Amino acid sequence: APSRDVLLVSAIITVSLSVTVVLCGLCHWCQRKLGKRYKNSLETVGTPDSGRGRSEKKAIKLPAGGKAVNTAPVPGQTPHDESDRRTEPRSSVSDLVNSLTSEMLMLSPGSEEDEAHEGCSRENLGRIQFSVGYNFQESTLTVKIMKAQELPAKDFSGTSDPFVKIYLLPDKKHKLETKVKRKNLNPHWNETFLFEGFPYEKVVQRILYLQVLDYDRFSRNDPIGEVSIPLNKVDLTQMQTFWKDLKPCSDGSGSRGELLLSLCYNPSANSIIVSIIKARNLKAMDIGGTSDPYVKVWLMYKDKRVEKKKTVTMKRNLNPIFNESFAFDIPTEKLRETTIIITVMDKDRLSRNDVIGKIYLSWKSGPGEVKHWKDMIARPRQPVAQWHQLKA
């Protein structure tokens with residue numbers, strides 16, 4: 001009987017050890033398989049999507065006919081960092097989670113300074129085609145404005161109403177203008193302008209200056225871009241045709257100041273709260289080197305002005321603090337066609353109030369404005385604050 005008990009205990013211990021060894025082997029095999037699958041999914045999902053997103057953004061911003069070095073990974077080609085990662089030893093699950101986190105951080109929006117710098121470096125203002133020639137017998141300079149391409153949208157409706165002003169600098173008093181092309185980002189003008197009785201020796205001392213603007217019925221026209229070409233560098237004996245990329249207008253639009261505002265979207269209440277917090281480095285509009293700023297907030301739906309609010313006026317202050325909030329009723333189904341126009345004005349008692357700068361907030365405005373709008377929708381019931389550069 002005692003020997004039988006010993007044999008039974010020995011058999012139980014042997015079976016237990018065998019089961020333990022088998023389970024440990026299965027555990028180790030499952031961990032390796034899961035870790036490999038997790039890593040493959042990270043390499044397959046993370047890297048190509050992020051590369052494709054960056055290349056599309058570049059493609060969207062790249063001027064027509066221009067050349068650029070595409071630093072984004074090409075589909076089907078292994079990026080450098082991915083190939084390095086594949087040659088490393090297999091990492092643990094915690095390493096894979098850290099790797100995934102770093103990939104997500106690369107795809108997340110950067111700081112406001114990085115966003116602004118990136119937007120400026122990739123800004124595309126379109127280009128314009130024109131021709132210039134001189135008739136020596138009639139002492140007449142001929143300028144023909146043909147067309148423009150890829151103009152940026154300046155209106156809340158996602159388009160522009162462009163026209164062209166023509167100057168012979170340094171003379172700014174006498175200018176010629178094309179017709180306005182309604183709701184057209186690729187307008188064709190085909191208009192010819194003559195500067196008659198202009199001696200050739202004076203023509204070669206002039207600079208042909210073209211300014212493309214967006215016509216605005218309710219306020220001052222918004223500058224889109226400009227081109228200047230010294231006529232002494234052009235062979236005027238025959239009509240010369242040019243394609244020129246538009247550059248930012250040198251009208252001080254980049255130094256109009258900034259405005260800090262917050263947006264808070266409440267989907268259950270169908271409302272947006274716009275908070276005008278403060279401004280800094282506003283452009284001086286008065287003779288004394290200061291301004292009397294206040295802010296107008298327009299709610300627009302499609303092409304109609306729905307509602308207007310405004311702040312109090314801050315006397316003689318280029319860095320005013322407003323801290324005023326305004327609520328607007330916006331049904332969810334109308335959010336996509338809604339634009340909030342914020343205009344910083346300079347109050348003037350003796351004449352018409354001056355526009356210091358504007359901001360258009362919607363899902364299809366500029367890069368910074370779209371980011372703010374999407375952040376507002378992504379974080380309902382939370383105030384989302386952001387600095388915005390005022391534009392002309």
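Structural data are supplied above this passage.
Residues numbered from 1 in each chain as written. Predicted model: local features only at pLDDT ≥ 70, side-chain atom pairs only at ≥ 80, totals over all residues. Heavy atoms only, no water.

## Some remarks on the sheet that holds strand 12 (residues 304-310)
Working step 1: In space, the 4 strands of this open sheet follow the order 12-11-14-15, with antiparallel pairing throughout. The two strands at the open ends of the sheet, each matched to only one other strand, are strand 12 and strand 15 (354-361). Here the average twist between neighbouring strands, direction ignored, is 20°. (Pairing = 2+ DSSP bridges. Helix = DSSP H or I, 4+ residues; strand = E, 2+ residues; numbered from the N terminus. Axes fitted to C-alpha atoms, helices over the stretch in contact; angles between N-to-C directions.)

## A few points about the packing of aromatic side chains
Aromatic ring pairs are described here by two measures, namely the spacing of the ring centres and the angle between the planes.
Working step 1: The tally for this structure, following the rule as stated, stands at 5 aromatic pairs.
Working step 2: Judged by centre distance (4.9 Å) and plane angle (40°), the rings of Phe136 and Tyr200 are tilted. Taken as a pair, Phe136 in the loop between strand 1 (127-135) and strand 2 (140-149) and Tyr200 in helix 5 (residues 200-203) lie far apart in primary sequence, 64 residues in all.
Working step 3: The class for Phe136 is partly exposed, based on a relative accessible area of 44%.
Working step 4: Ring plane angle 50° and centroid distance 5.7 Å describe the contact between Tyr167 and Tyr209, whose orientation is recorded as tilted. Separated by 42 residues along the polypeptide, Tyr167 in strand 3 (residues 162-169) and Tyr209 in strand 6 (residues 207-214) bring together distant segments of the chain. When sorted by exposure, Tyr167 lands in the same class as Tyr209, which is buried. (Phe/Tyr/Trp six-rings, centres within 6.5 Å; stacked < 30°, edge-to-face > 60°. Buried < 20%, exposed > 50% of the residue type's maximum accessible area, 1.4 Å probe, protein only.)

## Re the pairing of strand 3
Strand residues, when the strand is regular, have side chains that alternate between the two faces of the sheet.
Working step 1: Of all 8 residues in strand 3, 8 are buried; the element is thus mostly enclosed.
Working step 2: Residues Pro162, Val164, Ile166 and Leu168 point to one face of strand 3 and Phe163, Lys165, Tyr167 and Leu169 to the other, with burial holding for every one of them.

## Considerations on the pattern of salt bridges
Working step 1: This model, assessed by the stated rule, comprises 4 salt bridges.
Working step 2: Here Glu258 and Arg280 are joined by a salt bridge, their closest N and O atoms 2.8 Å apart. Here Arg280 lies in strand 10 (residues 271-280) and Glu258 lies in strand 9 (residues 258-266), a separation of 22 residues in the sequence.
Working step 3: Arg280 gets classed as partly exposed once you look at its relative accessible area, which sits at 31%.
Working step 4: The partner of Lys391 in a salt bridge is Glu369, and the shortest N-O contact between them spans 3.7 Å. Pair noted here: Lys391 is in the segment after strand 16 (384-389) and Glu369 is in helix 6 (residues 367-378), with a separation of 22 residues, a long-range link.
Working step 5: Note on Lys391: relative accessible area 39%, which makes it partly exposed. (Salt bridge = Lys/Arg side-chain N within 4 Å of Asp/Glu carboxyl O.)

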